[in-house]
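Reading the structure
Here is what each chain is made of, one letter per residue.
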Amino acid sequence: MAKPDVRFLFDFGSPNAYLSHRVIPPIETRTGARFAYEPVLLGGVFKATGNRSPMEAFGAIKNKLAYEGLETQRFVVRHGLTKYAHNPHFPVNTLLIMRGAVAAQTLGVFEAYVEAVFVAMWERGLKMDDPSVAAATLAEAGLPAEQLLALTQDAAVKERLMANTTAAVEAGVFGLPSFFVGDELWFGKDRLRDVEEAISR
């Protein structure tokens, strides 16, 4: 039986997207499915849907953010994600590195780029909205940093990221990470068990 199309919509600025990225490979191994990674600008999703970050939305609710942190820690422990670390520069403006993801697709280095940037953001705690930091990080990872950063200013790259973001919202997305199995939407890292079950069905 053919496996369904499975998509992972992400923005590097989301720690939950990083955590999902680390949990996806074992799901692929167990199910035989492959997740198609799609770069989407979280700020654009928020603007289009009237959504806000948890820090803004829940900051005034007693105990809510503390519980969110507890759930993150439980997820980290459950999956043995010992390299995860909070980024001290959070929230980071991800426009540059998300355009870079589209540029990396153009240059055929997408997988290596995604891994390098997720590591920089959520293991090394780097300030990846600083172009000099981004350039040094990408070069260190053996990626064509100069080409990638130049392409972030290319009109076609900008338009493609905008198109990805618009299409995500039109498909029902309101936050990231989000997942599709066929046309069925799930939101958040905590739904990955449901995603795996849907793939297996």
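Residues numbered from 1 in each chain as written. Predicted model: local features only at pLDDT ≥ 70, side-chain atom pairs only at ≥ 80, totals over all residues. Heavy atoms only, no water.

The end-to-end C-alpha distance of helix 4 (residues 64-79), which contains 16 residues, comes to 23 Å, matching closely the 22 Å that a straight helix rising 1.5 Å per residue would cover. All buried positions along helix 4 are accounted for by Thr72, Phe75 and Val76. The arc that holds every buried residue of helix 4, seen down its axis, measures 100°, which confines them to one face. With respect to the buried face of helix 4, the exposed residues turned more than 90 degrees away are Ala66 and Val77. Looking at the buried positions of helix 4, the neighbouring elements they touch are helix 1 (15-31). (Helix = DSSP H or I, 4+ residues; strand = E, 2+ residues; numbered from the N terminus. Expected span 1.5 Å × (residues − 1). Buried < 20%, exposed > 50% of the residue type's maximum accessible area, 1.4 Å probe, protein only. Arc of directions from axis to C-beta. Contact = heavy atoms within 4.5 Å.)

Pairing within the open sheet is mixed, and its 4 strands lie in the order 2-1-3-4. Each of the sheet's edge strands pairs with one partner strand only, and the pair in question is strand 2 (35-39) and strand 4 (184-187). Strand-to-strand twist across the sheet, computed as the mean angle between neighbouring axes with direction ignored, equals 25°. Inspection of the sheet shows strand 1 (residues 6-10) paired to strand 2 by 5 bridges, in the parallel sense. (Pairing = 2+ DSSP bridges. Axes fitted to C-alpha atoms, helices over the stretch in contact; angles between N-to-C directions.)

Right, let's get into the layout of surface pockets. Roughly 1300 Å³ of volume is contained in the largest pocket. Contributing to the lining of the largest pocket are 41 residues, with Pro15, Asn16, Ser53, Pro54 and Phe90 lying nearest its centre. Counting only elements with at least two residues in the lining of the largest pocket, the list comes to helix 1, helix 2 (42-49), helix 3 (54-58) and helix 4. The element best represented in the lining of the largest pocket is helix 4, accounting for 7 residues. Across the lining of the largest pocket, the residue classes tally to 19 nonpolar, 13 polar and 9 charged. (1 Å grid on protein atoms, 1.4 Å probe; cavity = no way out; pocket = protein on both sides within 12 Å on 5 of 7 lines; lining within 4 Å. Points joined across faces, edges and corners; volume = space filled by probe spheres on them. Nonpolar A, V, L, I, M, F, W, Y, C, P; charged D, E, K, R; others polar.)

Take the packing of aromatic side chains next. All told, the structure shown has 14 aromatic pairs when counted by the stated rule. For the pair phenylalanine 10 and phenylalanine 110, a centre-to-centre distance of 6.4 Å together with 50° between the ring planes defines the contact as tilted. Highlighted residues: phenylalanine 10 in strand 1 and phenylalanine 110 in helix 6 (residues 110-122), separated in sequence by 100 residues. Neither phenylalanine 10 nor phenylalanine 110 differs from the other in exposure class; each is buried. (Phe/Tyr/Trp six-rings, centres within 6.5 Å; stacked < 30°, edge-to-face > 60°.)

Okay, unusual backbone geometry next. With glycine set apart, most residues show a phi of negative sign, and most peptide bonds adopt trans. Of note, the bond from phenylalanine 90 into proline 91 is cis; its omega dihedral lies within 30 degrees of zero at 0°. Mapping proline 91 onto the fold places it in the loop between helix 4 and helix 5 (95-107). The omega torsion of the bond from leucine 176 to proline 177 falls at 5°, within 30 degrees of zero and hence cis. Assignment of secondary structure puts proline 177 in the loop between helix 9 (155-170) and strand 3 (178-181). Positive phi, close to 80°, is recorded for asparagine 63, a residue that is not glycine. Relative accessible area serves as the criterion here: at 54%, asparagine 63 is assigned to the exposed category.

On to the pairing of strand 4. Across 4 bridges, the pairing between strand 3 and strand 4 is antiparallel. Each bridged residue has a counterpart across the sheet, and for phenylalanine 179 the counterpart in strand 4 is tryptophan 186. From the end of strand 3 to the start of strand 4, which pair antiparallel, there are 2 residues, and glycine 182 there has a positive phi angle of about 65°.

What follows concerns the pattern of salt bridges. Inspection of the entire model under this criterion finds 11 salt bridges. A salt bridge links glutamate 115 to arginine 22; the nearest nitrogen and oxygen atoms lie 2.8 Å apart. Taken together, the residues glutamate 115 in helix 6 and arginine 22 in helix 1 connect sequence positions 93 residues apart. Ionic contacts of the salt-bridge type, sharing partners, join the residues Arg22, Glu115 and Glu123 into one network. (Salt bridge = Lys/Arg side-chain N within 4 Å of Asp/Glu carboxyl O.)

Ranked by size, the top nonpolar core spans 51 residues in total, and within it Phe10, Phe12, Phe35 and Tyr113 carry the most contacts. Element by element, the count of residues in this core is highest for helix 6, at 9 residues. With near-sequence residues (within four places) excluded, phenylalanine 35 lies in contact with Val6, Phe8, Ile24, Ile27, Glu28, Phe179, Leu192, Val195 and Ile199. Judged by nonpolar contacts, the second largest core, of 9 residues, contains Val40, Leu42, Val45 and Phe46. (Core = buried A, V, L, I, M, F, W, Y, C linked by side-chain atoms within 4.5 Å.)

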